[in-house]
Amino acid sequence: MSERREIRVVLQPAGFVPHESRYSHTDIDGDRLLISTAVMPGNVPGVYFRTDPNGSSVPLADLPALIAQLQVIADAAQAEADEAGASDD
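Calculation notes
- Residues numbered from 1 in each chain as written.
- Predicted model: local features only at pLDDT ≥ 70, side-chain atom pairs only at ≥ 80, totals over all residues.
- Heavy atoms only, no water.
- Helix = DSSP H or I, 4+ residues; strand = E, 2+ residues; numbered from the N terminus.
- Buried < 20%, exposed > 50% of the residue type's maximum accessible area, 1.4 Å probe, protein only.
- Contact = heavy atoms within 4.5 Å.
- Areas by Shrake-Rupley, 256 points an atom, 1.4 Å probe, with all protein chains shown as cover.
- Lys, Arg positive; Asp, Glu negative; His and termini not counted.
- Salt bridge = Lys/Arg side-chain N within 4 Å of Asp/Glu carboxyl O.
- Pairing = 2+ DSSP bridges.

A. Main features of the overall build of the protein chain. Within the protein chain, the secondary structure is distributed over one helix and three strands. Helices and strands appear in the protein chain in the N-to-C order β-β-β-α. When burial is assessed residue by residue, the protein chain has 30% of its 89 residues classed as buried. Across the protein chain, every contact between residues at least 6 apart in sequence was considered, and the portion connecting residues at least 24 apart equals 59%. When the accessible surface of the protein chain is totalled, it reaches about 6,200 Å², and 54% of it is carbon and sulfur.

Shown next, in the form of structure tokens:
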């Protein structure tokens, strides 16, 4: 059976520095998209999404790269949560 992962949106505090695995994109009219790791209370791994107020459009041709990077971000979020959990011990 395949493993299922849950994607959650989490608001990070001001000054948040995105993880090196992040995905960032600026659309044709300058709106930005950032997807990065998140570690929520209880060391639950998640994925953080941020856009400008108007949102950001990603061309269909770029979706394969976005989807591939989402898995890299999810893996990095799991590693961050595992590391945070280990430091809590």
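B. Quick peek at the side chain of D31. Mapped onto the elements, D31 comes out in the loop between β1 (23-26) and β2 (32-40). For the buried D31, no salt bridge exists, and the shortest N-O distance to an oppositely charged side chain is 7.3 Å, to R32. Discounting residues that sit within four places of it in the chain, D31 has contacts with H25, T26, D52, N54, G55 and S56.

C. Molecular detail of the pattern of salt bridges. Within this structure, the stated rule accounts for one salt bridge. Linking R32 and D52 is a salt bridge whose minimum nitrogen-to-oxygen distance equals 2.9 Å. Placement of the pair is R32 in strand β2 and D52 in the loop between β3 (44-51) and α1 (63-88), with a sequence separation of 20 residues.

D. Main features of the pairing of β2. Taking burial as the measure, the nine residues of β2 include seven buried ones, the bulk of the element. In terms of strand pairing, β1 meets β2 through four bridges, oriented antiparallel. Within β2, the position partnered with Y23 by the bridge is I35. Where β1 hands over to β2, the hairpin turn is made up of five residues, of which G30 adopts a positive phi near 95°. In this structure, β2 lies alongside β3, joined through eight bridges in antiparallel fashion.

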